[in-house]
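Coordinates in review
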Amino acid sequence: MALVDFANPTRFVALTARVTPWLIALTIALFAVGLYGTALAPDDYQQGATVKIMFIHVPCAWLSMFVYATMAISSLGTLVWRHPLADVAARAGAPLGAAFTFVCLATGSLWGKPMWGTYWVWDARLTSELVLLIMYLGLIALWQTIEDPLKAARAVAVLTLVGVINLPIIKFSVDWWNTLHQPAAVFRMDGPTIDPSMLWPLLVMALAATCLFLTLHLLAMRNEILRRRVRTLRLMEAARPGVGSERSA
Amino acid sequence: MNVLDLGAHAGFIIASYAIFVLVVAGLIAWIWLDGIAQRRALAALEARGIRRRSDVTTSEPVAKIEPGDVRGVR
């Protein structure tokens, strides 16, 4: 069976049932290793134990952008190939992306108070991340507003692609502007500046969070496919001969 | 090194992890409950004899609808 065959929603649902248990096991194992490494990681010489917030804040920040990037690729699938599974993937990803962005902002705020002396500043990185959360919520609202799934899919896909401009702004905001937020410490041209004792738990936690997203995304996509089948069957039921006359009688 | 010694800012650290756990638990609960609701709705429709054309194996005709009414599902 070719990979493209899994683009069929029925086959995709069957694939989800087979893959999900393995993904759940992998996610739990990675979180166990990551949290063990987090507990053993030394305190930062400046920040003390608050550096432990990094092990959930940074993976959520990465995921907030990764999820949006996957939604943008799915939007291309919706607009170019008009494949229903592309819209299903985007729609199922939006609440997850919003949740990870919220956790990123909330944990960043809790990290900022003891380190910066404030929960919030209108800093370029913080503001662009907040814009990302608002975009996620706007896309979810747009899906809810338009009843026809096809029209909603196109409108949301266009808006999603327009919003991609925010991703490089988030990533490079700490380089382009003077910000209170620290610059990149992992993905740098000259290599990571984090000590290996903190780097490996961070990377494992990021991998665990990514597996968590993949697991939840597959399950949310399966639910979305079922939701659309329910809608189709309800329309079929309403279109049955005699249904209208029975209701009007 | 005492892993339980979170220093003077323990409240901020614990609150951060609590938010992560609560949000993830909320996502899991939402997806789980949504899955149950969709499967129940699908089963109820099928029990009333409403099935997709691809699922119909009997000679019983299915309701005819316009192509535009089934968009978004294959």
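This section reports on the structure supplied with the text.

1. Here's the deal with the overall build of chain A
Looking only at helices and strands, chain A features eight helices and zero strands. Counted from the first residue to the last, chain A has its helices and strands arranged as α-α-α-α-α-α-α-α. Residue burial in chain A is summarised as follows: out of 249 residues, 51% are buried. Sequence separation of at least 24 residues holds for 76% of the intrachain contacts in chain A that already meet a minimum separation of 6. For chain A, the accessible surface area stands at approximately 11900 Å², while carbon and sulfur atoms represent 69% of it.

2. What to know about the interface of chain A and chain B
Counting residues at the interface gives 53 residues for chain A and 41 residues for chain B. Taking both partners together, chain A and chain B bury about 4400 Å²; carbon and sulfur atoms supply 73% of that area. Taken together, chain A and chain B are joined by two salt bridges. Among the salt bridges present, the one from D34 of chain B reaches R227 of chain A, with a minimum N-O distance of 2.9 Å. Summed over the shared surface of chain A and chain B, the result is four residue pairs in polar contact (both at pLDDT 80 or more).

3. What about helix 6 (residues 166–176) of chain A?
Residue and element names in this part refer to chain A. Where helix 6 is concerned, the buried positions are N166, L167, I170, S173 and V174. Seen from one end, helix 6 has its buried residues packed into an arc of 150°, which puts them on one side. Buried positions along helix 6 lie against helix 2 (54–81), helix 4 (124–145) and helix 5 (149–163).

4. Considerations on the side chain of D123 of chain A
Residue and element names in this part refer to chain A. With respect to the helices and strands, the residue D123 is situated in the loop between helix 3 (84–116) and helix 4. One buried charged residue, D123, remains without a salt bridge, the closest side chain of opposite sign being R125 at 6.5 Å. A polar contact of 3.3 Å, which involves the side chain of D123, links it to the backbone nitrogen of H181.

Calculation rules
Residues numbered from 1 in each chain as written. Chains lettered and ligands numbered in written order. Predicted model: local features only at pLDDT ≥ 70, side-chain atom pairs only at ≥ 80, totals over all residues. Heavy atoms only, no water. Helix = DSSP H or I, 4+ residues; strand = E, 2+ residues; numbered from the N terminus. Buried < 20%, exposed > 50% of the residue type's maximum accessible area, 1.4 Å probe, protein only. Contact = heavy atoms within 4.5 Å. Areas by Shrake-Rupley, 256 points an atom, 1.4 Å probe, with all protein chains shown as cover. Buried area = accessible area lost by both parts, 1.4 Å probe. Salt bridge = Lys/Arg side-chain N within 4 Å of Asp/Glu carboxyl O. Polar contact = N/O pair within 3.5 Å; in protein donor to acceptor, adjacent residues only side chain to side chain. Arc of directions from axis to C-beta. Lys, Arg positive; Asp, Glu negative; His and termini not counted.

From the geometry alone we can't say anything about function, so treat these as descriptive.
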